[in-house]
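Residues per chain, in single letters:
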Amino acid sequence: MSGLDLPGDLGLWSVLLAVIGGAIRVSTPFLFVSLGETITERSGRINLGLEGTLVFGAMSAYATAVLTGSAWAGVAVAGLAGGLFGLLHGWICRLPRVNDVALGIALMLFGSGLAFLFGKAFIQPSAPQLPAIPFGSWSDLAQVRAALQINVLFLIGAALSVFLWWALRNTRIGLVVRIVGDSTDAARAMGYDVDRVRLLATGAGGVLAGIGGAYLSLYYPGSWNEGISSGQGLMAVALVVFARWNPLACFGAALLFGGAGALGPALQSVGVSQGYYLFYAAPYVLTLGVLIATSSPNHALAGAPGELGHAK
Amino acid sequence: MRSVSAEAPPAGAIAIETIGMTKRFGVFTALDDVSMKIEAGGFHALLGENGAGKSTFVKCIMGFYAPTRGSVLVDGREVSITNPKGAQARGLGMVYQHFTLVPSLTGAENLVIARPHVPAVIDWRAERAVLAAFMERMPFRLNLDRPVAELAAGEKQKLEIIKQLYLEARFLILDEPTSVLTPGEAEEVLGLLRAMADRGEITVLMISHKFREVEAFARTVAILRRGALAGSGRVDGLTRDAMAAMMMGARPVRKVADRTRTPDGTRDVLRIEGLRANDASGLRPIAVDGLRVRAGEIVGIAGVSGNGQKVLADVLGGQIPAEGGRVLVEGEAYDGRRAQSRAHRVRFIPEEPLRNACAPRMSVSENLAFRAFDRRAARRDEDVPARPTVWLDTGAMRRRAGALIARFGIRTASSEAPIATLSGGNVQRAVLARELTGPVNLLVVANPCFGLDFSAVSEIRGRIVAARNGGAAVLLISEDLDEILELSDRIVVMSDGRIVHEVDAAQADAQTIGRHMAGHH
């Protein structure tokens, strides 16, 4: 690392702080999408359309915030729109001979396209932002204060991952979702309506993905444009596999991916410009690495819902 | 074992009566005017071949099927049961052959969620206390904290029964319970249920096609043949011949081919040395230190389902790689590759042939050609082709399929029908036709007769013995101990992934083998 000219007296610590701060800032959409996908996949369906839901959530949140002047109204509308996308996926999936993966890809393109169509008018105006809580106000260091500027949605997401982890074991709804995802036969024998449970689970997943989109456009990066997601919704789906369908692990994995995403900007801010694109690719490289590391020709993935990926 | 009577369920056993029960599927009559009276508080058996209508009958009672005609009386009152939930609410419970437990949930989670009314938030501390008290009254011990996927088949079966008792079933239907239990376990489980039935706490109806277990456990028996009631009565008043006559009716039965020749003691076709392997879940390691099969010999591997036989079969079939040790066929290393099986004439008949040995949506003739489609026969009628070929000779494939369909009596609409449209017995005949045509040096067979009817069974067993008589070394893996005893020259027992017992068929006795199967060595 010769020739590195670090600003201030923090040296490499500033990179670390920036990565931690970045992890908290960048991870929130990952967290919401992956929690949503966890609910959906635990019920036995894959919704790859969450990337489109994320983008549409970002657009609809931004547009609503511009029009109403309220960021929270934007979040609500994004959640609602995401929920509708999820229900659409779930509803089409119950038709005969529909494959959830292929449908997810179609809905991904549909959601993004629809967002671009309606979002054209909202690229210019500026919207109110979501509030953040300055947990770093005790410190004199600007970097610490910046890193600990934590958005409310991140805290809600953290609480939600604990809640979902608890709910999957301790509530009737949680157990029913797991049963439906693990054995349709058993679920039917107990008299549960498998399609209905999956419809609602996919809808709930869509709500969370929509809210994740609201965070993108209303906090970080905090504006609406067509390249806003850059595939974060798809990576979050991979992250669910990495997290073994466990909401708590989703939280950790989201932080890890967020930190990897913050690595590029953090290094750039301290003047490392070599390998710029490589560092920006860190989350994608990490996704690939995770998929390779967790794959095995001989062993089924522990914790995978039994009905996942069953072709019709 | 504890006494169950201390805190007996609120009400006692239930009686069921059916009147004129008929079920048609299209033009096929699965159940024909069956009127049967099952008295409260006894252990009853429903005997019949596969396809005789036993399952259809109980599924009509349980509300799975709506009967075409006929009615069900519970304790003398006519009731309408339209779904399994309704049956559960009336105190009727059924333990299926396939498990209805959810694999990733623990035993406790499976029990609690099966209740008709589950609270929105489950208080596990309270539930655990209730479950512990309930288990105190149960005839067998089980660890309820493990995920069901980690339980052995016998434990799952026990948990299924416990689940029905937890749901307060007072009329319990058992669908061929001994298919996954060792003789010892069957003795324990069925014995305890019979004790409960004798005390008037529950009524048990056991579906079976084995005389031995009907005689051992049931007080009364009803026999179905081709969907109709062929007879019934007290078990102690019926001879085995009488039951067999009612079950089979009059028809010619093909006998298992007689053994000719004794095994060639000098030539080991298959040798397994220090084999280590594991299945996809990583939960069923096997360690087979030494096993050999000689030419002209059938070695039967007995064992309760889930004790590593399937892993062994998958290693031999090349579906799972070995982690250590060697598999030698005719002295050369073997890991199931196509070139090796061709060179050494290894043939493989895995269990569930439609899933493991066929491409279900491809035609019968294509499936019959899997061994040889990429080779061209030197002569048109020759079964062992020689040179590799790029172009498929579909005409030859079809002619060969036609010949095999005729020779093996495969019932199919045409040689171009998808093989998935065939019945189980005919799928197995097609696989046998493919695997047993031409010279065979080593034949690996797993559960070849599972779920097949009586005539198909004797024919398939006959062909296996014929392959042996032709000089093939046969490794027969089966969960059906009677099949092992009937066919084998030598018997080994697998338990917990290891070979724990080996005996010549001539000296074998079912009790000793059963003890080893159950893990008492």
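Nothing here was measured: the structure is a model prediction, and the numbers come from that model.

(A) Structural view of the sheet that holds strand 10 (residues 228-234) of chain B. Residues and elements named next belong to chain B. Read from one edge of the open sheet, 6 strands run 6-7-8-3-9-10, paired in mixed fashion. In the strand order of this sheet, the two ends are held by strand 6 (92-95) and strand 10, each with one partner. When the angles between neighbouring strand axes are averaged without regard to direction, this sheet yields 20°. Where strand 6 and strand 7 (residues 171-175) come together, 4 bridges link them in parallel fashion. Each residue of the ladder has a partner; that of V95, found in strand 7, is L174.

(B) Structural view of the sheet that holds strand 1 (residues 16-25) of chain B. Residues and elements named next belong to chain B. What the 4 strands build is an open sheet, ordered 2-1-4-5; its pairing is antiparallel. The sheet terminates laterally at strand 2 (28-38) and strand 5 (77-79), the two strands that pair on one side only. When strand polarity is set aside, the average angle formed by the axes of neighbouring strands in this sheet is 30°. Pairing of strand 1 with strand 2, which is carried by 7 bridges, proceeds in the antiparallel orientation. Within strand 2, the residue paired with M21 across the bridge is V34. Each of strand 1, strand 2 and strand 4 (69-74) touches helix 1 (residues 54-62); the most contacted strand, strand 1, lies at about 115° to it.

(C) Structural view of the nonpolar core. If you look at the biggest cluster of nonpolar residues, it comprises 65 residues, and the most contacted ones within it are I113, I161, L193 and V221 of chain B. Per element, the largest residue contribution to this core is 7 residues, and it comes from helix 6 (residues 183-198) of chain B. Among all residues touching V221 of chain B, those that are not within four sequence positions of it are A45, L47, V214, G231, S232, G233, V235, L238 and M243 of chain B. Residues F30, F32, A115 and A214 of chain A belong to the second largest nonpolar core, which totals 48 residues.

(D) Focus on helix 1 of chain B. All names here are of chain B. Across the 9 residues of helix 1, 7 count as buried, placing the element largely inside the fold. Those residues of helix 1 that fall on the buried side of the exposure criterion are K54, T56, F57, V58, C60, I61 and M62. In the stretch just after helix 1, G63 is the one whose phi turns positive, near 85°.

(E) Inspection of the pattern of salt bridges at higher detail. Throughout the structure, instances matching the rule amount to 31 salt bridges over all chains. For E226 of chain A, the salt bridge is made with K120 of chain A, and the minimal N-O distance between the two is 2.8 Å. On the criterion of sequence distance, the pair formed by E226 of chain A in the loop between helix 9 (194-218) and helix 10 (232-242) and K120 of chain A in the loop between helix 4 (100-119) and strand 1 (132-134) is long-range, its members being 106 residues apart. Residue class for E226 of chain A comes out partly exposed when judged on its relative accessible area of 35%. Salt bridges here are not isolated pairs; linked through shared partners, they connect D268, R271, E273, R292 and R326 of chain B.

(F) Molecular detail of helix 6 of chain B. Residue and element names in this part refer to chain B. Its 16 residues place the ends of helix 6 21 Å apart at the C-alpha level, agreeing with the 22 Å of an ideal helix rising 1.5 Å per residue. Three or more residues of helix 6 are buried, namely E185, A186, V189, L190, L192, L193, M196 and A197. Looking straight down helix 6, one finds that the buried residues subtend no more than 155° of arc, so they occupy a single side. Where the residues of helix 6 are buried, they touch strand 3 (43-47), helix 5 (153-166), strand 7, strand 8 (203-208) and helix 7 (211-217). In the stretch just after helix 6, G200 is the one whose phi turns positive, near 80°.

(G) The arrangement of the packing of helix 3 (residues 107-114) of chain B against helix 4 (residues 124-137) of chain B in detail. Residues and elements named next belong to chain B. Between helix 3 and helix 4, the least distance of the axes is 11 Å, while the angle of their chain directions is 95°. By the angle between their axes, helix 3 is roughly perpendicular relative to helix 4. Contacts from A108, E109, L111 and V112 of helix 3 reach helix 4 at W124, E127 and L131.

(H) Molecular detail of the packing of aromatic side chains. Scanning all chains against the criterion turns up 10 aromatic pairs over all chains. Aromatic pair F134 of chain B and Y166 of chain B: ring centres 5.2 Å apart, planes at 75°, arrangement edge-to-face. Linking F134 of chain B in helix 4 with Y166 of chain B in helix 5, this pair joins segments that are 32 residues apart in sequence. For F134 of chain B, a relative accessible area of 7% gives the class buried. Residue Y166 of chain B is classed as buried on the basis of its relative accessible area of 11%. Members of the aromatic cluster, each reached through a chain of ring pairs, are F30, F242 and F257 of chain A. One cation-aromatic arrangement involves K85 of chain B over Y192 of chain A; the distance from NZ or CZ to the ring centre is 5.7 Å.

(I) Layout of the interface of chain B and chain A. In this complex, chain B contributes 22 residues to the contact, which on the side of chain A involves 19 residues. When the buried surface of chain B facing chain A is broken down by residue, V102, I113 and A280 of chain B rank first, second and third, together holding 26% of it. Here R178 of chain A and E109 of chain B are joined by a salt bridge, their closest N and O atoms 3.1 Å apart. For the interface between chain B and chain A, the tally reads 8 residue pairs in polar contact (both at pLDDT 80 or more). Elements with a minimum of two residues in the side of chain B that touches chain A: helix 2 (84-89) and helix 3 of chain B. Looking at which element gives the most residues to the side of chain B that touches chain A, the answer is helix 3 of chain B, with 3 residues. Considered class by class, the residues forming the side of chain B that touches chain A number 15 nonpolar, 4 polar and 3 charged.

Conventions used here
- Residues numbered from 1 in each chain as written.
- Chains lettered and ligands numbered in written order.
- Predicted model: local features only at pLDDT ≥ 70, side-chain atom pairs only at ≥ 80, totals over all residues.
- Heavy atoms only, no water.
- Pairing = 2+ DSSP bridges.
- Helix = DSSP H or I, 4+ residues; strand = E, 2+ residues; numbered from the N terminus.
- Axes fitted to C-alpha atoms, helices over the stretch in contact; angles between N-to-C directions.
- Contact = heavy atoms within 4.5 Å.
- Core = buried A, V, L, I, M, F, W, Y, C linked by side-chain atoms within 4.5 Å.
- Buried < 20%, exposed > 50% of the residue type's maximum accessible area, 1.4 Å probe, protein only.
- Salt bridge = Lys/Arg side-chain N within 4 Å of Asp/Glu carboxyl O.
- Expected span 1.5 Å × (residues − 1).
- Arc of directions from axis to C-beta.
- Parallel < 35°, antiparallel > 145°, perpendicular 65-115°, else oblique.
- Phe/Tyr/Trp six-rings, centres within 6.5 Å; stacked < 30°, edge-to-face > 60°.
- Lys NZ or Arg CZ within 6 Å of the ring centre and 35° of its normal.
- Buried area = accessible area lost by both parts, 1.4 Å probe.
- Polar contact = N/O pair within 3.5 Å; in protein donor to acceptor, adjacent residues only side chain to side chain.
- Nonpolar A, V, L, I, M, F, W, Y, C, P; charged D, E, K, R; others polar.

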